[in-house]
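# Breakdown of the fold
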Amino acid sequence: MHWSEEIAQRIIDRNPEKEEYVCAAGISPSGSVHIGNFRDVATPWFVVKALRKKGKKARLLFSWDEYDRCRKIPANVQAVVGDSYDKYIGCPYVDIPDPWGCHENYAKHFEEEFLAQMEKFGIELDCRYQAELYRSGAYTQDILESLRKRGEIFEILDSFKTKDPDKTPEQLKAEHDAEKEAYYPVSIFCPECHTDFTTITALSEDCTEADYVCRCGHKGHFNFIENFNCKLGWKIDWPMRWRYEQVDFEPGGKDHAAPTGSYSNSKIVSKKIFGYEAPLFQGYEFIGIKGMTGKMSSSSGLNLTPETLLKLYQPEVILWLYSKTDPTKAFDFCFDDGILRQYFEFDKMLTDVREGKASDVIADVMFNCAIEGRELETVPMSLLVQLGSIVNFNIPMLETVFEKIGTPYKAEQFADRLDRAKFWLEQCAPDQVNRLRATRNWEIYNTLSDDEKKEIALLHDYIAKGGYTLDELNTELYAIPKTVFGTEMGDKELKGIQGAFFRTVYKLLIDKERGPRLYLFLYAIESEKYVGLLDFSYAQTEEEKAAEAPVEACCPVEEAPIVNREPDPVEPIKEQVTIDDFAKLDFRVCKILKAEGVRKSHSCLKLTLFDGIGERVIMSSIKEEYSPEQLVGRKIIVIANLKPNRICNVNSNGMLLAATNNACGCQIIFVDDCVPEGTAIH
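Note that the coordinates shown come from a computational prediction; the quantities given were computed from them, not determined experimentally. (Residues numbered from 1 in each chain as written. Predicted model: local features only at pLDDT ≥ 70, side-chain atom pairs only at ≥ 80, totals over all residues. Heavy atoms only, no water.)

### Quick look at the overall build of the protein
- Helices and strands together make up the secondary structure of the protein, namely 26 helices and 22 strands.
- Dimensions of the protein, computed from C-alpha atoms along their principal axes, come out at roughly 100 × 65 × 60 Å.
- Across the 682 residues in the protein, those meeting the buried criterion constitute 46%.
- Within the protein, contacts between residues at least 6 apart in sequence are counted, and of these 70% link residues at least 24 apart.
- Across the protein, 83 positive and 110 negative side-chain charges occur, with their mean positions spaced 4 Å apart. (Helix = DSSP H or I, 4+ residues; strand = E, 2+ residues; numbered from the N terminus. Buried < 20%, exposed > 50% of the residue type's maximum accessible area, 1.4 Å probe, protein only. Contact = heavy atoms within 4.5 Å. Lys, Arg positive; Asp, Glu negative; His and termini not counted. Charge placed at Lys NZ, Arg CZ, Asp CG, Glu CD.)

### Some thoughts on the sheet that holds strand 5 (residues 198-203)
- One open sheet accounts for 3 strands, arranged 5-6-7; its pairing is antiparallel. Each having just a single partner strand, strand 5 and strand 7 (219-223) make up the two edges of the open sheet. Across the sheet, the mean angle separating the axes of adjacent strands is 30° when strand polarity is ignored.
- Where strand 5 lies against strand 6 (residues 209-214), 5 bridges are found, and the strand directions are antiparallel. Bridge pairing in strand 6 places T198 opposite C214. (Pairing = 2+ DSSP bridges. Axes fitted to C-alpha atoms, helices over the stretch in contact; angles between N-to-C directions.)

### Observations regarding the pairing of strand 7
- Here 5 bridges tie strand 6 to strand 7, and the two strands are oriented antiparallel to one another. For E209, the partnering residue across the bridge sits in strand 7 and is N223.
- What sits between the antiparallel neighbours strand 6 and strand 7 is a turn of 4 residues, in which G217 has the positive phi angle 105°.

### A look at unusual backbone geometry
- Although it is not a glycine, C207 sits at a positive phi angle of roughly 65°.
- According to the relative accessible area criterion, C207 is buried, its value standing at 9%.

### A few points about the packing of helix 13 (residues 315-324) against helix 15 (residues 360-367)
- Close contact between helix 13 and helix 15 brings their axes to 8 Å; oriented N to C, the two are set at 135°. With respect to each other, helix 13 and helix 15 are oriented oblique. Of the two possible hands of crossing, helix 13 and helix 15 adopt the one that is right-handed. Side by side, helix 13 and helix 15 meet where W320, S323 and K324 of the first sit next to D364, V365 and M366 of the second.
- Per-class residue counts for the contact of helix 13 with helix 15 are 3 nonpolar, 1 polar and 2 charged. (Parallel < 35°, antiparallel > 145°, perpendicular 65-115°, else oblique. Left-handed = near helix turned anticlockwise from the far one by under 90°. Nonpolar A, V, L, I, M, F, W, Y, C, P; charged D, E, K, R; others polar.)

### Brief notes about the packing of aromatic side chains
- For the structure shown, the criterion picks out 39 aromatic pairs.
- Between W3 and F46, the aromatic rings sit 6.0 Å apart at their centres with planes inclined by 65°, giving edge-to-face as the arrangement. Taken together, the positions of W3 in helix 1 (residues 3-14) and F46 in helix 2 (residues 35-53) put the pair 43 residues apart, joining distant regions of the chain.
- With a relative accessible area of 9%, W3 lands in the buried category.
- Here the aromatic residues F38, F121, Y313, Y322, F331, F333 and Y343 are joined through ring pairs into a cluster of three or more.
- If you follow K49 out to its NZ or CZ, it ends over the ring of F367, 4.9 Å from the centre. (Phe/Tyr/Trp six-rings, centres within 6.5 Å; stacked < 30°, edge-to-face > 60°. Lys NZ or Arg CZ within 6 Å of the ring centre and 35° of its normal.)

### Focus: the nonpolar core
- Among the nonpolar cores identified, the biggest contains 108 residues, and F38, Y313, Y322 and F333 are the most heavily contacted of them.
- Sorting elements by how many residues they give to this core places helix 2 first, with 10 residues.
- The residues touching F333, leaving out its near neighbours within four places in the chain, are I35, I287, G288, I289, K290, L309, Y313, I318, L321 and Y322.
- Among the nonpolar cores identified, the runner-up in size contains 32 residues, and I143, V186, I200 and A210 belong to it. (Core = buried A, V, L, I, M, F, W, Y, C linked by side-chain atoms within 4.5 Å.)

### Section: the packing of helix 2 against helix 13
- Contact pair helix 2 / helix 13: the axes reach a minimum separation of 10 Å and the direction vectors enclose 70°. When the axes of helix 2 and helix 13 are compared, the pair comes out roughly perpendicular. Every residue of helix 13 that contacts helix 2 at I35, F38, R39, A42 and F46 is listed here: I318, L319, Y322 and S323.
- Each residue belonging to the contact of helix 2 with helix 13 can be placed in one class, and the counts come to 7 nonpolar, 1 polar and 1 charged.

### Section: the pattern of salt bridges
- One pass over the structure, following the stated rule, counts 43 salt bridges.
- The residue K149 makes a salt bridge to E145 at a minimum N-O spacing of 3.2 Å.
- In this structure, the salt-bridge partner of E145 is R243, at a minimum N-O distance of 2.8 Å. Of this pair, E145 sits in helix 6 (residues 140-148) while R243 sits in helix 9 (residues 234-245), and the two are 98 residues apart along the sequence. (Salt bridge = Lys/Arg side-chain N within 4 Å of Asp/Glu carboxyl O.)

### A short note on the environment of G31
- Mapped onto the elements of the fold, G31 is located in the loop between strand 1 (20-27) and helix 2.
- Put simply, G31 and Y93 are 62 residues apart on the chain and 9.7 Å apart in space, counted from C-alpha to C-alpha.

### Structural notes on helix 7 (residues 150-158)
- Within the sequence span of helix 7, burial applies to R150, I153, F154, I156, L157 and D158.
- On its buried face, helix 7 sits against helix 6, helix 8 (169-182), strand 5, helix 9 and helix 11 (262-272).

### A short note on the state of the cysteines
- Taken as a whole and assessed by the stated rule, the structure comprises 0 disulfides.
- Left unpaired, C230 is separated from the closest cysteine sulfur, that of C207, by 13 Å. (Disulfide = S-S within 2.5 Å.)

### Thoughts on the side chain of K512
- By the element assignment, K512 lies in the loop between helix 22 (491-510) and helix 23 (518-524).
- At 3.2 Å, the side chain of K512 and the side chain of N434 are in polar contact.
- Setting aside anything within four residues of it in sequence, one finds K512 in contact with D431, Q432, V433, N434, R503, Y506 and K507. (Polar contact = N/O pair within 3.5 Å; in protein donor to acceptor, adjacent residues only side chain to side chain.)

### Side note on the side chain of N223
- One can find N223 in strand 7.
- Classification of N223 as buried rests on a relative accessible area of 14%.
- Polar side-chain contacts of N223 include one of 2.9 Å to the backbone nitrogen of I225.
- A distance of 3.2 Å separates a polar side-chain atom of N223 from the backbone nitrogen of E226.
- Excluding its chain neighbours within four sequence positions, the residues that come into contact with N223 are T208 and E209.

### Notes on the confidence of the model for the protein
- Averaged over the protein, the pLDDT score is 90; the fraction of residues at 70 or greater is 95%.
- Across residues 292-302 the pLDDT falls below 50, and counting only partners more than four positions away or on other chains, this stretch makes 34 contacts in the model.
- Long-range and interchain partners of residues 551-564, a stretch whose pLDDT sits below 50, account for 0 contacts in this model, where long-range means more than four residues apart. (pLDDT = per-residue confidence, 0-100.)

### Looking at the environment of Y184
- Tracing the sequence through the fold places Y184 in the loop between helix 8 and strand 4 (186-188).
- Take Y184: its relative accessible area is 17%, and that puts it in the buried class.
- The sequence separation of Y184 and K357 amounts to 173 residues, and the corresponding C-alpha distance is 59 Å.
- Aside from chain neighbours lying at most four places away, what touches Y184 is L147, R150, I200 and L203.

### Let's talk about helix 11
- Those residues of helix 11 lying buried are S262, Y263, S264, N265, S266, V269 and S270.
- On its buried side, helix 11 packs onto helix 7, helix 9, helix 10 (254-257) and strand 10 (280-284).

Below, the structure is given as structure tokens:
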């Protein structure tokens, strides 16, 4: 059963007679809404779909927390307005001007940006705008209820705080009583400076009126029945809205899900203060970007919006990544060639569903990816990437290429992916762009042996003659090395010679050792475009000599100094062990989720890993060689059953494998991203 189906069933079991179930999500429009926040939307949306599949009425309630105070000006906004917006810190987002001047306020700019993107995913949002609700007086009675129970709320929140162990019980009690007396669950926005840097100094006995003073010097009197320019604190506001909207389910980031996180606090406030059983909650892991590190944040400027990702991924593929991954597990969006593997896996699952071969779980995963009004064509992204660059993404030529290789895709079938393939190549992987050389590669040809040159001559003659089919060309490519070197060799030796031949052809044609599948490549491209690059029957031309002549740089390039260090002496082989001894060690692949320095250590990094089962922490003395940014998201090999060791007051559960030598320093052994976490090393 898919994880969304399990959550849906728990919701039904909890309240089987409810007419309509409410799944909720909320985002503060502090800046461009990043793809990490998208999990806050995708998770309840899949649950809504699961509930509807079970015949229940359900909707996704989406709250725009635009009445939240501004805490920081994001980098992309600062680039436009400089420091001039610092004066708005403490103001509700809805009261801040739009930096670009194209919307009525700051919040609306980022709200409409995100909502336009959501339409492309087919996600139905029932939006609530918190500034509108607060200022309409909709929450007045809830605010009064919170004020009357402020002492109880304080005790709940205080129970989650860590107490200072150095203070005596008497000191702690005095501190507790003073804080409780000064605590109010609501903040008033100042009518002069419009911020919430206000302090309530007195509250009427019936809790309807208050005196307050602002940091700006303004003093005022506030009537909670008549004035609505105030807001409940987050851990009270959240459960208040659960009751107001009758929410049944809401997810949240793993920070909210922590034992002392917002949900743990708010769950008790909801029950004890508002008399409402808190909705089912699902904590979720944060999303990674392969090649980028750090928790994505719209306020820090390190963000990646759905709009940006849609330039790389079709919306169905984005939904698929969220659907197939349990919310408690992290996954990566890929800027490297991992994206091609993701498209391949998506296409395979979609094809299995269409052909009736998919398991129930895979069918459920793909059910969540369907977008009404769109019918996907599974034109291989890898082929679009490989062949598209060769024909410079010329659509009629690409149609011809596909026709020639027996997959007659038409423009309307691959149009939705073609621009994404081009964007990925040009923006993320320019080194993988394939372009035919303009001249023969004499530099490579002159390094070849006589037999290797004979191979190239045979290939040239075969291509020039023409008249072959795709299969015949493929057969000939493997036969040429046999013809030249003979058939009296083992399979391993033959494969090595064939591989070397293929690499030579690639280097002669596109200056690389690898490229598109060679037989497809040579068959798809018009032979007259490249056959001359294989013809070395005549001498090098003056044009070719000029093309290969070194070009003097306009400005001298200062190269980084090369450090020459003597390698350590090679140690003798250690005492032999048995295979049973080796089997006792649990070597497994782990993914680095987080890397951070430790205050008390100059050499160690604290690494949080996922080992296929759960999270573990190890300490490793690699700080001089690696920064956290170089490590997050990568996969390593760890001895998982090493006895824990306490290092710098941190329990280290395992040890990573690395090569250490004076010549190179410490070099971690990394594992290819395609290897799943938890894979054993034998």
